[in-house]
Amino acid sequence: MLVPTTHPLQAGLTAESTLISAYRGIRPATTPVWFMRQAGRSLPEYRELRVGTEMLQACLTPELASEITLQPVRRHAVDAGIFFSDIVVPLKLVGVDVSIVPGRGPVMGKAVRTAADVAELVANDPAQLDSALGPIIDAVARTVAELGTTPLIGFAGAPFTLAAYLVEGGPSKDHIRARTMMHSDPESWAALMAWTAEITGRFLRAQVLAGASAAQLFDSWAGSLSPDDYARHVAPASARVLEFVRDLTFTLPDGTTEARVPVVHFGVGTGEILPQMRDVGADVVGIDYRTRLDEGIRRLGGNVPVQGNIDPAMLAAPWAVLEAHVREVHRRGLDAPAHVMNLGHGVPPETDPAVLTRVVELVHSL
Ligand code: CP3
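Keep in mind that what you see is a predicted model, and the values were worked out from it rather than measured.

**Notes on the overall build of the chain**
The helix and strand tally for the chain stands at 15 helices and 11 strands. Relative to the compact-globule value of 21 Å for 366 residues, the chain shows a C-alpha radius of gyration of 19 Å, a close match. Taking the principal axes of its C-alpha atoms as reference, the chain extends roughly 55 × 45 × 40 Å. Looking at the chain as a whole, 59% of its 366 residues qualify as buried. Taken as a whole, the chain presents about 14000 Å² of accessible surface, with 52% of it coming from carbon and sulfur. One finds the centroid of the 31 positive side-chain charges in the chain at a distance of 4 Å from the centroid of its 40 negative side-chain charges.

So, in structure tokens, the structure goes:
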């Protein structure tokens, strides 16, 4: 299905941007760069805007969400905006008792631990999310109107990462309870994953239809899974999420070629499951800093565009050290059909924003 005619991809604004070209596997003249968690606590203008507003409240206030999305684009001249929201926003919108505790992350009012807990959760009809997505659609529309030729990336959390929060009740180290449930009660687990896929898939599709030019699925905690558990207990639900956007296409400015809206899939510590993460339906795979970029590219068969993987710890190192690292990541990325420079995970809150701006300038000069 073609995205609406007013969509930035279909209107020819972002279709040939460096980011979308790279995501489609066509290497642009300059390497595009953006940073996971570029919108947020590393920016003083963000901290100022957030005073007195809770995280999820900010996500659901379109003027705020849009302004926060635009801040790093203006400041750093990155090649993409990432929509300011959170992976738990769709849960909140269907009535799940969740809040984001500063310095900690998403915390549930009640953990989903038993078969009865799962049954109660999944009794909540995912379709009711459609009528609650207004603030998200509004925020995306406002944002792309300002971004012009800079593409916006929409995103969602993958079912496993969301389930890791739902089952544990909050952040956890190895997600033991979630990983136990998939073995001790595979039926409840499957029901939980299927429901979560319907929720998060709707959230992702709404962002793309409202104007996002690419979609990124974050399975941040998938690196805690064995390849067998990923294949059996997680991959089918992630594939289902991507079905929500895989039918969305746009016409290239040549007027004849139709292309799919690109999809990126990323997780932390997922070096052992990179091909599986592509196979659920991604065009581009994000690689974290624990896997050498050229090795990740090799594991993916050498024909998949990649995104990554500056070590966030390097952002606080002396410039000469960081510069050498960025140049090395860039060189390693040449083994792929195309490479989008990014971090191996999010921007640490204490990062000096001037360093990020300098990294963008460096990447564009390479
Ligand atoms: O700039 C961007 O990347 C866009 C916005 C964005 C946020 N969360 C805003 C946010 C994105 C893409 C996310 C995704 C997200 N949320 C993920 C996947 C990406 C990843 O980093 O692995 C995950 C696992 C979450 C869950 C979550 N929400 C965590 C772990 C935290 C951080 C907790 C903390 O305070 O250290 C949050 C809160 C959150 N999400 C903040 C922001 C800007 C911090 C809120 C604040 O200002 O206090």
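**Describing the UniProt feature "site: Transition state stabilizer" (unreviewed entry) in the chain**
If you check UniProt for "site: Transition state stabilizer" (unreviewed entry), the listed places come out as D86 in our numbering. By the element assignment, D86 lies in the loop between β1 (81–82) and α5 (89–93).

**Section: the pattern of salt bridges**
Throughout the structure, instances matching the rule amount to 21 salt bridges. For E243, the salt bridge goes to R240, with nearest N and O atoms at 2.9 Å. Of the two residues, E243 and R240 are both situated in helix α11 (residues 227–246); the distance of three residues between them amounts to about one turn of the helix. What emerges from the salt-bridge pattern is a single network uniting D130, E198, R202, R240 and E243.

**Brief notes about the pairing of strand β10 (residues 306–310)**
Burial within β10 is extensive, with five of its five residues counted as buried. Pairing analysis gives three bridges linking strand β9 (residues 284–287) to β10, with the strands arranged parallel. Its bridge partner being in β10, I287 is matched across the sheet by G308. Each parallel crossover has a hand, and for β9 linked through helix α13 (residues 293–299) to β10 it is right-handed.

**Topic: the packing of helix α10 (residues 186–210) against α11**
Closest axis-to-axis distance for the α10/α11 pair is 8 Å, and the angle between their directions is 25°. On the basis of the axis angle, α10 is roughly parallel to α11. When you trace α10 past α11, the crossing you get is right-handed. The segment α10 lies against α11, with P186, W189, M193, A197, E198, T200, G201, R202, L204, R205 and V208 engaging H233, V234, A237, R240, V241, L242, F244 and V245. Each residue belonging to the contact of α10 with α11 can be placed in one class, and the counts come to 12 nonpolar, three polar and four charged.

**Things to note about the nonpolar core**
Counting 126 residues, the largest nonpolar core has Y23, W34, L91 and W189 as its most contacted members. For this core, the leading source of residues is α10, giving 11 residues. The contacts of W189, once residues within four sequence positions are left out, are F160, A163, V167, A178, M181, M182 and H233.

**What about the site of the ligand?**
In the vicinity of the ligand there are 26 residues, among which R37, Y46, D86, S220 and H345 approach most closely. Measuring from an oxygen atom of the ligand, one finds a backbone N or O atom of G103 at 2.8 Å. Expressed as a share of its isolated accessible area of 870 Å², the protein-covered part of the ligand is 92%. More than half of the atoms of the ligand fall within 2 Å of the grid points belonging to the largest pocket. Elements supplying a minimum of two residues to the shell around the ligand: α2 (44–50) and β3 (105–108).

**Regarding the layout of surface pockets**
The method is simple in principle: a probe with the dimensions of a water molecule rolls over the atoms, and the space it marks as empty is what remains. Counted as a void, the largest pocket has a volume near 1200 Å³. Among the secondary structure elements, those contributing two or more residues to the lining of the largest pocket are α2, β2 (98–101), β3 and α8 (159–168). Looking at the lining of the largest pocket, the element that brings in the most residues is α2, giving three residues. Taken together, the residues of the lining of the largest pocket break down into 22 nonpolar, 12 polar and seven charged. Counted as a void, the second largest pocket has a volume near 210 Å³. Taken together, V96, D97, M108, G109, K110, A111, V112, D117, E120, L121, N124 and L166 form the lining of the second largest pocket. In terms of residue count, the dominant contributor to the lining of the second largest pocket is helix α6 (residues 115–122) (three residues). In terms of residue class, the lining of the second largest pocket is made up of six nonpolar, two polar and four charged.

Reading the values: rules and limits
- Residues numbered from 1 in each chain as written.
- Predicted model: local features only at pLDDT ≥ 70, side-chain atom pairs only at ≥ 80, totals over all residues.
- Heavy atoms only, no water.
- Helix = DSSP H or I, 4+ residues; strand = E, 2+ residues; numbered from the N terminus.
- Rg over C-alpha atoms; globule rule 2.2 N^0.38 Å.
- Buried < 20%, exposed > 50% of the residue type's maximum accessible area, 1.4 Å probe, protein only.
- Areas by Shrake-Rupley, 256 points an atom, 1.4 Å probe, with all protein chains shown as cover.
- Lys, Arg positive; Asp, Glu negative; His and termini not counted.
- Charge placed at Lys NZ, Arg CZ, Asp CG, Glu CD.
- UniProt positions renumbered as here; feature names shortened; annotations may be inferred.
- Salt bridge = Lys/Arg side-chain N within 4 Å of Asp/Glu carboxyl O.
- Pairing = 2+ DSSP bridges.
- Right-handed = clockwise from strand over helix to strand, strands pointing away.
- Axes fitted to C-alpha atoms, helices over the stretch in contact; angles between N-to-C directions.
- Parallel < 35°, antiparallel > 145°, perpendicular 65-115°, else oblique.
- Left-handed = near helix turned anticlockwise from the far one by under 90°.
- Contact = heavy atoms within 4.5 Å.
- Nonpolar A, V, L, I, M, F, W, Y, C, P; charged D, E, K, R; others polar.
- Core = buried A, V, L, I, M, F, W, Y, C linked by side-chain atoms within 4.5 Å.
- Near = heavy atom within 4 Å.
- Polar contact = N/O pair within 3.5 Å; in protein donor to acceptor, adjacent residues only side chain to side chain.
- 1 Å grid on protein atoms, 1.4 Å probe; cavity = no way out; pocket = protein on both sides within 12 Å on 5 of 7 lines; lining within 4 Å.
- Sits in = over half its atoms within 2 Å of the grid points.
- Points joined across faces, edges and corners; volume = space filled by probe spheres on them.

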